[in-house]
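Coordinates in review
Spelled out from the first residue to the last, the chains are:
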Amino acid sequence: MSDRAPGFSTLAIHAGAAPDAATGARATPIYQTTSFVFDDVDHAASLFGLQAFGNIYTRIGNPTNAVLEERVAALEGGTAALAVASGHAAEFLSFHALLQPGDEFVAARKLYGGSINQFNHSYKSFGWNVIWADSDDVESFARAVTPKTKAIFIESIANPGGVVVDIAAISAIARKHNIPLIVDNTMATPYLLRPFEHGADIVVHSATKFLGGHGNSIGGLIVDGGSFNWVGDDRYPMLSKPRPEYNGMVLGETFGNFAFAIATRVLGLRDLGPALSPFNAFMLLTGIETLPLRMQRHCDSAQKVAEHLAKHPAVEWVSYPGLPGDKYHELAKRYVPKGAGSVFTFGLKGGYDAGVKLVSNLKLFSHLANIGDTRSLVIHPASTTHRQLTDEQKAASGAGPQVVRLSIGLEDVEDLVADLDQALA
Ligand SMILES: *Cc1c(COP(=O)(O)O)cnc(C)c1O
């Protein structure tokens, strides 16, 4: 082995994995077991007391999931990660470690529709209050911060497509107020953008999308950047106060720069329970092995489709940051130089009815509520994912009546262009 630090593609295949110690299996085995036998009583006691790392019960940790955790932590450049049942579970457990009832967090208004619902409704019942800000107006984040603010939440490339966020500028506001910045990096993946390099403290993923990449498994990840100092900070009692269930241990002191990953596991996942099945961890790991190849192809094809649509007479506008002249083109050059992702929106001259019609005329594109599949996908957000929102919220989150969202897959790009042309005709 050379001294060279492994590159991204090498990490995507090898990080966290080794031939199985018991069998020599080269692919990571699916450890489909609920529980693990202790060596002896002392071993059991030290595992339960967090004095030793090891396997107890698959709700709290599993060897297949551990490989996934180590791999994604390596790809993001974080200190540790936690695999959970879905992207929403990753968001939920992250906030659970930071917020008390009555606390606030500031979130960008342009987000995945499900996150908007989660924040506006379910989180309210926990007494967690979202304050919305506008990622196009960085100062709106500063204005939204109050003494109750415990976190800032943004997406790196924002849903429903085509918005590149100035992470470093928002991080500067978070740092000034000493609040952790959580970045949902689902749309970019660490292949295109690594939020920790721009000042994020915590990264969350819906691995359901590009990380898994094949539209077959739901999963999520929380990645700890190791940058936030929780020690002695009374605003974050889960990390800074003695934990009665662990003999008075202070997680921030004991686990230092990976304490957040530990807290989300030993308090959040243990008590709230959204564990990832080892089978899904295996599927996600297999997907990640080809992440660099897939993401580049997704981006290259999206760029071509966006260029084609921008010239089409039925199309009013295309919002893809890879297009010169796009509002986010300069930010895209800075943050995602390899490509601006595969998900973008465009506006039809014919409005709501034209959107509904296009979706029914397409043959190769599948009409469904997902992104980041090998298959190309289409959705009309106003009639589906964003329909629960008021007209105002729809427009504010980029899902007006004429808007169609595409997630460009890995088919031949000529076939995708031909399908769009016939459907628009
Ligand atoms: C899909 C998605 C989520 C939610 O993830 P699930 O795996 O569906 O729970 C969160 N954020 C973004 C950006 C997403 O695209």
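Quick caveat: nothing in here was measured; it's all calculated off a predicted structure.

Attention now moves to the side chain of arginine 405. Looking at the element boundaries, arginine 405 is found in strand 14 (residues 403–407). A distance of 3.4 Å separates a polar atom in the side chain of arginine 405 from the backbone oxygen of asparagine 370. Not counting chain neighbours up to four residues away, the residues in contact with arginine 405 comprise Asn159, Pro160, Val343, Phe344, Thr345, Asn370, Ile371, Leu377, Val378, Ile379 and Pro381.

Let us look at the site of the ligand. Lining the immediate surroundings of the ligand are 14 residues, of which Gly87, Asp184, Ser206, Thr208 and Lys209 lie closest. The backbone of glycine 87 places a nitrogen or oxygen atom 2.8 Å from an oxygen atom of the ligand. Separating an oxygen atom of the ligand from a backbone N or O atom of histidine 88 is a distance of 2.9 Å. Protein coverage of the free-state accessible area of the ligand, which is 380 Å², stands at 93%. At three residues, helix 4 (residues 87–98) tops the list of elements feeding residues into the shell around the ligand. In terms of residue class, the shell around the ligand is built from two nonpolar, eight polar and four charged.

An order of 10-11-14-13-12 is seen for the five strands of this open sheet, with the pairing classed as mixed. Each edge of the open sheet is held by one strand with a lone partner, namely strand 10 (315–319) and strand 12 (366–367). Here strand 12 pairs with strand 13 (residues 377–379) via two bridges, running parallel. Within strand 13, the residue paired with serine 366 across the bridge is leucine 377. The sheet strands contacting helix 13 (residues 291–310) are strand 10, strand 11 (343–348) and strand 14, and the helix crosses strand 11 at an angle near 10 degrees. Those strands touched by helix 15 (residues 351–361) are strand 11, strand 12, strand 13 and strand 14, and its axis lies near 125 degrees from that of strand 11.

Right, let's get into the nonpolar core. By size, the foremost hydrophobic cluster in this structure holds 99 residues, and its most contacted members are Leu68, Phe95, Leu98 and Phe105. The element contributing the most residues to this core is helix 11 (residues 259–272), with seven residues. Membership of the second largest hydrophobic core comes to 26 residues, among which are Val315, Phe365, Ile408 and Leu424.

With that settled, the discussion passes to the packing of helix 4 against helix 5 (residues 113–122). Contact pair helix 4 / helix 5: the axes reach a minimum separation of 11 Å and the direction vectors enclose 35 degrees. Crossing hand, helix 4 versus helix 5: right-handed. Where helix 4 abuts helix 5, its residues His88, Glu91, Phe92 and Phe95 lie against Gly114, Ser115, Gln118 and Phe119. The residue makeup of the contact of helix 4 with helix 5, split by class, is three nonpolar, four polar and one charged.

Checked against the element boundaries, threonine 208 lands in the loop between strand 8 (202–206) and strand 9 (220–224). Polar side-chain contacts of threonine 208 include one of 3.1 Å to the backbone nitrogen of glycine 219.

Attention shifts here to the domain arrangement of the protein. Under the domain assignment, the protein is made up of domain 1 (8–287) and domain 2 (291–424). Measuring from the centre of the C-alpha atoms in domain 1 to the corresponding centre in domain 2 gives 28 Å. In this assembly, 39 residues from domain 1 lie in contact with 40 residues from domain 2. For the pairing of domain 1 and domain 2, the buried interface totals around 3300 Å² over both sides, and the portion due to carbon and sulfur atoms is 62%. In this assembly, domain 1 and domain 2 are joined by two salt bridges. One salt bridge in this structure joins lysine 327 and aspartate 136, with 3.0 Å as the shortest N-O distance. Inspection of the domain 1/domain 2 interface yields 14 residue pairs in polar contact (both at pLDDT 80 or more).

Moving on, we come to the sheet that holds strand 2 (residues 104–108). Taking strand neighbours across the sheet as the criterion, the seven strands line up as 1-9-8-7-4-2-3 in an open arrangement whose pairing is mixed. The sheet is open, and its two edges are formed by strand 1 (80–84) and strand 3 (129–133), each paired on a single side. Strand-to-strand twist in this sheet, taken as the mean axis angle between neighbours without regard to direction, amounts to 20 degrees. Sheet topology note: the strand 2/strand 3 ladder contains five bridges and is parallel. Paired with glutamate 104 across the bridge in strand 3 is asparagine 129. Taken strand by strand, helix 7 (residues 167–176) contacts strand 4 (149–155) and strand 7 (181–184), and its axis lies near 155 degrees from that of strand 7.

This part covers the pattern of salt bridges. Per the stated rule, a full pass over the model turns up 16 salt bridges. Two residues, lysine 150 and aspartate 103, come together in a salt bridge whose shortest N-O distance is 2.7 Å. Of this pair, lysine 150 sits in strand 4 while aspartate 103 sits in the loop between helix 4 and strand 2, and the two are 47 residues apart along the sequence. Among the residues examined, lysine 150 registers a relative accessible area of 6% and is labelled buried.

Burial analysis of strand 14 places five of its five residues in the buried class, which makes it a mostly covered element. Along strand 14, one buried face is formed by Val403, Arg405 and Ser407 and the opposite face, lined by Val404 and Leu406, is buried too. The pairing of strand 11 with strand 14 spans five bridges and is antiparallel. Opposite phenylalanine 344, over in strand 14, you have leucine 406 as the bridge partner. The sheet contact formed by strand 13 and strand 14 spans three bridges and is antiparallel. Looking across to strand 14, one finds that isoleucine 379 is bridged to arginine 405.

The rules we used
Residues numbered from 1 in each chain as written. Predicted model: local features only at pLDDT ≥ 70, side-chain atom pairs only at ≥ 80, totals over all residues. Heavy atoms only, no water. Helix = DSSP H or I, 4+ residues; strand = E, 2+ residues; numbered from the N terminus. Polar contact = N/O pair within 3.5 Å; in protein donor to acceptor, adjacent residues only side chain to side chain. Contact = heavy atoms within 4.5 Å. Near = heavy atom within 4 Å. Areas by Shrake-Rupley, 256 points an atom, 1.4 Å probe, with all protein chains shown as cover. Nonpolar A, V, L, I, M, F, W, Y, C, P; charged D, E, K, R; others polar. Pairing = 2+ DSSP bridges. Axes fitted to C-alpha atoms, helices over the stretch in contact; angles between N-to-C directions. Core = buried A, V, L, I, M, F, W, Y, C linked by side-chain atoms within 4.5 Å. Buried < 20%, exposed > 50% of the residue type's maximum accessible area, 1.4 Å probe, protein only. Left-handed = near helix turned anticlockwise from the far one by under 90°. Domains from an automatic or database assignment. Buried area = accessible area lost by both parts, 1.4 Å probe. Salt bridge = Lys/Arg side-chain N within 4 Å of Asp/Glu carboxyl O.

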